[in-house]
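Summary of structural features
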Amino acid sequence: MSTSKKDYKRITTKSLFDMKANREKISMLTAYDYTMAKIVDAAGVDVILVGDSASNVMAGHETTLPITLDQMIYHANGVVRACERALVVVDLPFGTYQSDPKEALRSAIRIMKESGGHAVKLEGGGEIKDSIKKILNAGIPVMGHLGLTPQSIYKFGTYTVRAKVEAEAEKLIEDAKLLERIGCFALVLEKIPAKLAQKVAESISIPVIGIGAGSGVDGQVLVLHDMLGMTHEFNPRFLRRYMNLYEDMTKAIGQYVTDVKAVDFPNANEQY
């Protein structure tokens, strides 16, 4: 198979299939507003996820559960307007799809119509297959999400690694194949053993994006604020911080405060 990198002017769901076929790794990051999404898109990231992690990093909630559909649409709106190249995937938030396929479809339609997003992402496998089918039948692309599913944190009771025991690993593989079979265009695997994640990626034809799932999958995703070092309390093994913006921003803002109080800002060149 070819390993040459194609220059994609616009990433689509088909682009991701081609990347997997050509063994080109897929890059994915979160973004929640116009300014940050514009930078992420210009840097060449393939997929931007408007994640329900906005509940944590933008609103300060302990979990992803409180964020609403209206809030997700608001965040996605700005991201879509910023992007010229990346595929924009939007999380369906907790409570908008789990129990009622018709409600799932209404939620997905609102995301697509009101934000302009390109696809939606749902957490879960066989237990939400009817909701996924309903959305797919309307022509809306769906990305799956298995492993650690943060919307189910109170069910799990912990953010520890999932699918370490054989029964859970077997169910995860079955769910991954189910999601492929019913028509999902890609799958996120979160915080599972690397060997299991690689096995899943090799057993299905759709791209598998990992977060805390090792290097044997088809791509990687991180939360933007984590990888830039804007957050500093969250330190999982899988997180690589490419910058320390928390420290840099704190110093810059502190210097601004000092300059204002010392009447050093604005100086003569910064006045009209």
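Residues numbered from 1 in each chain as written. Predicted model: local features only at pLDDT ≥ 70, side-chain atom pairs only at ≥ 80, totals over all residues. Heavy atoms only, no water.

Section: the overall build of the protein chain
Spelled out, the test is: Strands here are runs of E lasting at least two residues and helices are runs of H or I lasting at least four, both read from the DSSP assignment and numbered beginning at the N terminus. For the radius of gyration, the atoms used are the C-alpha atoms, and the globule rule reads 2.2 Å times the number of residues raised to 0.38. Working definition: with a 1.4 Å probe on protein chains only, accessible area under 20% of the residue-type maximum means buried, over 50% means exposed, and in between means partly exposed.
In terms of regular secondary structure, the protein chain is built from 11 helices and eight strands. In terms of overall dimensions, the protein chain is globule-like: its C-alpha atoms have a radius of gyration of 20 Å, near the 19 Å expected for 272 residues. For the protein chain, the spread of C-alpha atoms along the three principal axes comes to 65 × 45 × 35 Å. Here the protein chain holds 272 residues, and the buried ones make up 48% of them.

Here we look at the environment of isoleucine 173
The test is simple: The contact definition used throughout considers only heavy atoms, calling two residues in contact when any of these lie within 4.5 Å.
Relative to the elements of secondary structure, isoleucine 173 occurs in helix α8 (residues 166-182). Separated by 23 residues in the primary sequence, isoleucine 173 and leucine 196 place their C-alpha atoms 8.4 Å from one another. Leaving out residues up to four positions away in the same chain, isoleucine 173 has contacts with Leu196, Lys199 and Val200.

Topic: the pairing of strand β8 (residues 219-222)
Our working rule: Strands were regarded as paired on the criterion that DSSP finds at least two bridges between them.
Bridging between strand β1 (residues 26-30) and β8 involves four bridges; their strand directions are parallel. Note that in β8 the partner of serine 27 across the bridge is glutamine 220. For strand β7 (residues 208-211) and β8, the ladder comprises two bridges, and the chain directions are parallel. In the strand pairing of β8, isoleucine 209 is matched with glycine 219.

Some remarks on the environment of proline 66
Of note, proline 66 is situated in the loop between α3 (54-57) and α4 (69-82). In this structure, the C-alpha to C-alpha distance between proline 66 and glycine 95, residues 29 residues apart in sequence, is 9.6 Å. Apart from residues no more than four positions distant in its own chain, proline 66 is found in contact with Ser55, His61 and Gln71.

With respect to the packing of α4 against helix α5 (residues 101-115)
The test is simple: In this description, a line fitted to the C-alpha atoms serves as the axis of each element, helices being fitted only across the stretch in contact, and the angle between N-to-C directions of two axes falls anywhere from 0 to 180 degrees. Take the far helix as the reference: if the near one is turned anticlockwise from it by less than a right angle, the crossing is left-handed, and if turned clockwise, right-handed.
Running from N to C, α4 and α5 point in directions that differ by 35°, and their axes come no closer than 9 Å. For α4 against α5, the interelement crossing comes out right-handed. Across the interface between the two elements, Leu69, Asp70, Met72, Ile73, Ala76, Asn77 and Val80 of α4 pack against Ser107, Arg110, Ile111, Glu114 and Ser115 of α5.

Remarks on the packing of helix α6 (residues 129-137) against α8
Applied cut-off: Just so you know how the angles are binned, under 35 degrees is roughly parallel, over 145 roughly antiparallel, 65 to 115 roughly perpendicular, and the rest oblique. Classes in brief: Ala, Val, Leu, Ile, Met, Phe, Trp, Tyr, Cys and Pro nonpolar; Asp, Glu, Lys and Arg charged; the others, Gly included, polar.
Contact geometry for α6 and α8: axes closest at 10 Å, N-to-C directions at 25°. Taken together, the axes of α6 and α8 are roughly parallel relative to one another. For the pair α6 and α8, the sense of crossing is right-handed. For the pair α6 and α8, contact is made by Lys129, Ile132, Lys133 and Leu136 and by Leu178, Leu179 and Ile182, respectively. Taken together, the residues of the contact of α6 with α8 sort by class into five nonpolar, no polar and two charged.

Considering the side chain of aspartate 218
When you line up the elements, aspartate 218 lands in the loop between β7 and β8. In this view, aspartate 218 contacts Lys20, Glu24, Lys25, Ile26, Ala201, Ile206, Pro207 and Val208; residues no more than four positions away in its chain are not counted.

Observations concerning the nonpolar core
Operational definition: Only buried residues count toward a nonpolar core. Its members are Ala, Val, Leu, Ile, Met, Phe, Trp, Tyr and Cys residues joined through side-chain atoms within 4.5 Å.
Leu189 and Val200 are the most contacted members of the largest nonpolar core, which has 64 residues in total. Not counting chain neighbours up to four residues away, the residues in contact with valine 200 comprise Leu172, Ile173, Ala176, Leu187, Leu189 and Val208. Counting residues in hydrophobic clusters, the runner-up holds 18 residues, among them Ala119, Met143, Phe185 and Ile209.

Quick notes on the sheet that holds β7
Strand order in the closed barrel formed by eight strands is β1-β2-β3-β4-β5-β6-β7-β8, with parallel pairing between adjacent strands. Adjacent strand axes in the sheet meet at a mean angle of 25°, parallel and antiparallel pairs treated alike. Pairing geometry for β1 and strand β2 (residues 47-50), over three bridges, is parallel. Bridged to threonine 30 within β2 is leucine 49. α8 rests against β5 (142-147) and β6 (186-190) of the sheet, and its axis sits at about 175° to β5.

Quick notes on the pairing of β5
This is how it is decided: Looking down the strands as they point away from the viewer, one classifies a crossover as right-handed if the path from the first strand across the helix to the second runs clockwise.
Of all six residues in β5, six are buried, a share of seventy percent or more. What you see with β5 is no split at all: Val142, Gly144 and Leu146 on one side and Met143, His145 and Gly147 on the other are buried throughout. As paired elements, strand β4 (residues 119-121) and β5 share two bridges and run parallel to each other. Note on β5: the bridge partner recorded for valine 120 is valine 142. Note that the unit made of β4, α6 and β5 has a crossover that is right-handed. Of the pairings in the sheet, the one linking β5 to β6 comprises five bridges and is parallel in character.

Describing a nonpolar patch on the surface
How we decide: Patch membership requires over 30% relative accessible area and the absence of a salt bridge. Like charges are linked within 9 Å, and nonpolar side chains (Val, Leu, Ile, Met, Phe, Trp, Tyr) within 5 Å. We get accessible surface area from the Shrake-Rupley algorithm with a probe of 1.4 Å; when it comes to residues, only the shown protein chains can shield them. What counts as a salt bridge is simple: a side-chain nitrogen of Lys or Arg found within 4 Å of a carboxyl oxygen of Asp or Glu.
Nonpolar side chains collect at one region of the surface, where Met249, Ile253, Tyr256, Val257, Val260 and Phe265 lie side by side and expose about 530 Å² of accessible area between them. With respect to the helices and strands, isoleucine 253 occurs in helix α11 (residues 245-261).

Honestly, that's just the spatial picture; any functional story needs more than this.
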